[in-house]
Amino acid sequence: MGSELTMLFEGGKRKALTFSYDDGTIYDKKLVSLLKKYDMKATFNLNSGLLGQKEHRMINGINTDFSQIEPWEVKTVYADQEVASHTVNHSSIVGLSQNMGAAEVLKNKQKLEELTGRPVRGFAYPYGSYNELAEEILSACGIEYARTADSSNDFDIPQDFLEWHPTCHHDAPELLKLAEKFCNDDSLQPQLFCIWGRSYEFAQKDNWQVLEEFMKYVSDYREKIWFATSIEIVDYVKAFRELRCSSDGRILQNPTEMTLWFEMDREIHCIHGNEKFESL
């Protein structure tokens, strides 16, 4: 009779939470300060061609300060966060030729890597637009995940990380109800809560308290939530999917360098990189 194996997140936690924010406007600074206050993490999807621009735009009928983080600030502002790609000038790669789409992705990726000194491995689809060709372009350019703008209202882990549907937008009316469900659901399956948005939206509505209220609530449950960036979650899940199992499920081999946590027969275990685990 085989053993039941369930993935757990880092530290043996069943839940993971991440934030994903687009466009790199000056309001990211306040967002980062809130993340630090509550010891949480986010991914920021930037357009290298817009960095440093000072401008106002009419967005959803609201005159909005759309000024961008300066290029020289990127490394310090996002030092403890993840920087991911959003194309050079916020152009959708859907509708572009394969060569033009790849150029948009690679040019932005390269510039952001120069500014951060770190590999850029993630992406958020501009305008939420994606298709099969876009996914092929991203994969060929070394992008390992891509977040859409299609809210799922659930906590499922993506099967295909190039179509990562977030749980909800931060302004969704059901945000706090989802938070309550996420924190109090005793499901034995791993759960992932991904919130997305744009920091200038808080300035438009002067409703930063919405995010802080959410952060305060989930912070009380941090003993069972892993707060991580998008790429940390992707790396962990992909490593877990690399586990090698015997036919009866009682022998596990971890071919990766990452320590992985799991539940087997109602007991929590971890297996270090390049180690073997045998259940009694």
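What counts, and where the lines are drawn
Residues numbered from 1 in each chain as written. Predicted model: local features only at pLDDT ≥ 70, side-chain atom pairs only at ≥ 80, totals over all residues. Heavy atoms only, no water. Pairing = 2+ DSSP bridges. Helix = DSSP H or I, 4+ residues; strand = E, 2+ residues; numbered from the N terminus. Axes fitted to C-alpha atoms, helices over the stretch in contact; angles between N-to-C directions. Phe/Tyr/Trp six-rings, centres within 6.5 Å; stacked < 30°, edge-to-face > 60°. Lys NZ or Arg CZ within 6 Å of the ring centre and 35° of its normal. 1 Å grid on protein atoms, 1.4 Å probe; cavity = no way out; pocket = protein on both sides within 12 Å on 5 of 7 lines; lining within 4 Å. Points joined across faces, edges and corners; volume = space filled by probe spheres on them. Nonpolar A, V, L, I, M, F, W, Y, C, P; charged D, E, K, R; others polar. Buried < 20%, exposed > 50% of the residue type's maximum accessible area, 1.4 Å probe, protein only.

A. Spotlight on the sheet that holds strand β15 (residues 267-271). Taken in spatial order, the 3 strands make up an open sheet running β1-β14-β15, and their pairing is antiparallel. Of all strands in the sheet, those with a lone pairing partner are β1 (5-8) and β15, marking the two edges. In this sheet, neighbouring strand axes are inclined to one another by 35 degrees on average, regardless of whether the strands run parallel or antiparallel. In terms of strand pairing, strand β14 (residues 260-264) meets β15 through 5 bridges, oriented antiparallel. Looking at β15, one finds that E263 is bridged to I268.

B. Region of interest: the packing of aromatic side chains. A full pass over the atoms with the stated rule returns 18 aromatic pairs. The structure contains a cluster of three or more aromatic residues connected by ring pairs, namely F19, F155, F182, F193 and F214. It is K15 that lies over the ring of F182; its NZ or CZ is 5.3 Å from the centre.

C. Here's a closer look at the layout of surface pockets. Estimated volume of the largest pocket: approximately 230 Å³. Along the wall of the largest pocket there are 16 residues; nearest its centre are D23, H90, Y127, R198 and Y200. When its residues are assigned to classes, the lining of the largest pocket shows 7 nonpolar, 4 polar and 5 charged. Taken together, the residues of the lining of the second largest pocket break down into 4 nonpolar, 3 polar and 4 charged.

D. Up close: unusual backbone geometry. Of note in this structure, N153 is not a glycine but carries a positive phi near 60 degrees. Looking at where N153 falls in the secondary structure, it is placed in the loop between β8 (145-147) and β9 (168-169). N153 gets classed as partly exposed once you look at its relative accessible area, which sits at 38%. A positive phi angle is found at N274, which is not glycine, with a value near 60 degrees. Mapped onto the elements of the fold, N274 is located in the loop between β15 and β16 (276-278).

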